[in-house]
Amino acid sequence: MNFHHGVDLAPYNSFGVHTSAAHFCEVTNLSELKEALAFGAASKVPSLVIGGGSNILLSADYPGLVIRIDFKSIEWLNSDGLVRVAAGENWHEFVKSCMNHGFYGLENLALIPGTVGAAPIQNIGAYGVELERFVVSVSVYDGKQDKVVEFSHRDCEFGYRDSLFKYPDARHLIVLGVTLQLATEQTPNISYGALQAEFDGQDFAGITNQAVFDAVCRVRSSKLPDPKILGNAGSFFKNPLVSESKIESLKEAFPDLPCFDAGEPGLVKIPAAWLLDKAGWRGRRKGGAGVHQQHALVIVNVDDASGEDIALLAQEMASSVLGRFGIALECEVKLV
Ligand SMILES: Cc1cc2nc3c(=O)[nH]c(=O)nc-3n(C[C@H](O)[C@H](O)[C@H](O)COP(=O)(O)OP(=O)(O)OC[C@H]3O[C@@H](n4cnc5c(N)ncnc54)[C@H](O)[C@@H]3O)c2cc1C
């Protein structure tokens, strides 16, 4: 396996930010992964595991070893919807493969950039569906114990854009693959508002999973900038969960404040995009970084932004929301 040194990470992060990794390698199987970790340990440098780099912000040069996970395989375990997929597979291509194989359910998660291995890290979600609904288990390499461990759905502690793997305590856990239980019958899910609008007036019985997939791709492409054209990492912040009592007082000042069920008693979810929009962030710039014209939650690399430009802009956005609404925004993107 080749180790590279002084590597520009711009092609490996969807912001397209130029920072450099002291060491870099791509691993395609467990023995290469172990070799990479051993190299990092012997060189006494930290290691950073990445997939597609579509949920990270590199704010400075990385002094350690960046390991890009490139494990590939899809195993159709039975004809009842059980499938095991390796961490390095591209998520969107995998969603397409499942549909072509007659395994359904992932259509609402189409077009999310990145790899399968990163999907359980933040429990990817979109258009009314979260990954966790399908997860049977996640296979990880535990670097502390030097062994492969199978985490059940329950072990993963999934939440809204959250799981056990997201926390510093789990840094030694590297996802190797995911086992999912999908459906073998058509199960279109158009409960989400923006999707319902796409099928307005249509007979539900005639809606196929393929039609949902197409609609999701259409809506996403019209709303979100393509990172290949305009660097970004999708939503920069999570939608905040706020107590019902806080909502009551906010509603007095902002009667049009949109609220959604948070799935947790006593809490309500507010769209971070609405808060940022109201605070006037859409289209604003800081250095080479800017807020997307159509979506206040998406920070974009307008003109060769540095990671620091983006981080500073994000900080100002979060402070203004805190000042105006008393709500602390939490980053969805992982700051490195
Ligand atoms: C245009 C756009 C739209 C997006 N839309 C959505 C959306 O609708 N919903 C959503 O949930 N997300 C969305 N995202 C965010 C992103 O696509 C997802 O979080 C995706 O799962 C990240 O995958 P990745 O391979 O690029 O991860 P990376 O960015 O490479 O890594 C993300 C984190 O996971 C860790 N990691 C990666 N691989 C592994 C592994 N094998 N084992 C252990 N840790 C690992 C990294 O260290 C890092 O902390 C969007 C991003 C973009 C650019």
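Going by the structure above, here's the rest.
Below you will find a few notes about this structure. (Residues numbered from 1 in each chain as written. Predicted model: local features only at pLDDT ≥ 70, side-chain atom pairs only at ≥ 80, totals over all residues. Heavy atoms only, no water.)

### Regarding the sheet that holds strand 11 (residues 147-152)
Across the sheet, 5 strands lie side by side as 6-7-12-10-11; this open sheet has antiparallel pairing. Each having just a single partner strand, strand 6 (74-76) and strand 11 make up the two edges of the open sheet. The average undirected angle you get between the axes of adjacent strands in this sheet is 20 degrees. Sheet topology places strand 6 next to strand 7 (residues 82-86); 3 bridges connect them, and they run antiparallel. Across the sheet, residue E75 finds its bridge partner in strand 7, namely R84. Lying on the sheet, helix 2 (residues 91-101) is in contact with strand 6, strand 7 and strand 12 (173-181); it crosses strand 6 at an angle near 25 degrees. (Pairing = 2+ DSSP bridges. Helix = DSSP H or I, 4+ residues; strand = E, 2+ residues; numbered from the N terminus. Axes fitted to C-alpha atoms, helices over the stretch in contact; angles between N-to-C directions. Contact = heavy atoms within 4.5 Å.)

### Some thoughts on the site of the ligand
Every one of the 33 residues lining the ligand counts as a neighbour, but V49, G51, G52, S54 and T115 are closest to it. Measuring from an oxygen atom of the ligand, one finds a backbone N or O atom of G51 at 2.7 Å. Here R220 contributes a side-chain N or O atom positioned 2.8 Å from a nitrogen atom of the ligand. Relative to its unbound accessible surface of 980 Å², the ligand loses 92% to contact with the protein. Among the secondary structure elements, those contributing two or more residues to the shell around the ligand are strand 3 (47-50), strand 8 (125-126), strand 12 and strand 13 (231-235). For the shell around the ligand, the residue count by class is 17 nonpolar, 12 polar and 4 charged. (Near = heavy atom within 4 Å. Polar contact = N/O pair within 3.5 Å; in protein donor to acceptor, adjacent residues only side chain to side chain. Areas by Shrake-Rupley, 256 points an atom, 1.4 Å probe, with all protein chains shown as cover. Nonpolar A, V, L, I, M, F, W, Y, C, P; charged D, E, K, R; others polar.)

### Remarks on helix 4 (residues 209-223)
For helix 4, spanning 15 residues, the distance from its first C-alpha to its last is 21 Å, which sits close to the expected 21 Å at 1.5 Å a residue. Contacts from the buried residues of helix 4 go to helix 2, strand 8 and helix 3 (193-198). (Expected span 1.5 Å × (residues − 1).)

### Structural notes on the nonpolar core
L33, W91, F94, L106 and L180 are the most contacted members of the largest nonpolar core, which has 58 residues in total. Elements with a contribution of two residues or more to this core: strand 2 (20-27), helix 1 (30-42), strand 5 (62-69), strand 7, helix 2, strand 10 (135-142), strand 12 and helix 4. Two domains each put at least three residues into this core: domain 1 (4-69) and domain 2 (74-181). With 36 residues, the next largest nonpolar core counts F15, V268, M317 and V321 among its residues. (Core = buried A, V, L, I, M, F, W, Y, C linked by side-chain atoms within 4.5 Å. Buried < 20%, exposed > 50% of the residue type's maximum accessible area, 1.4 Å probe, protein only. Domains from an automatic or database assignment.)

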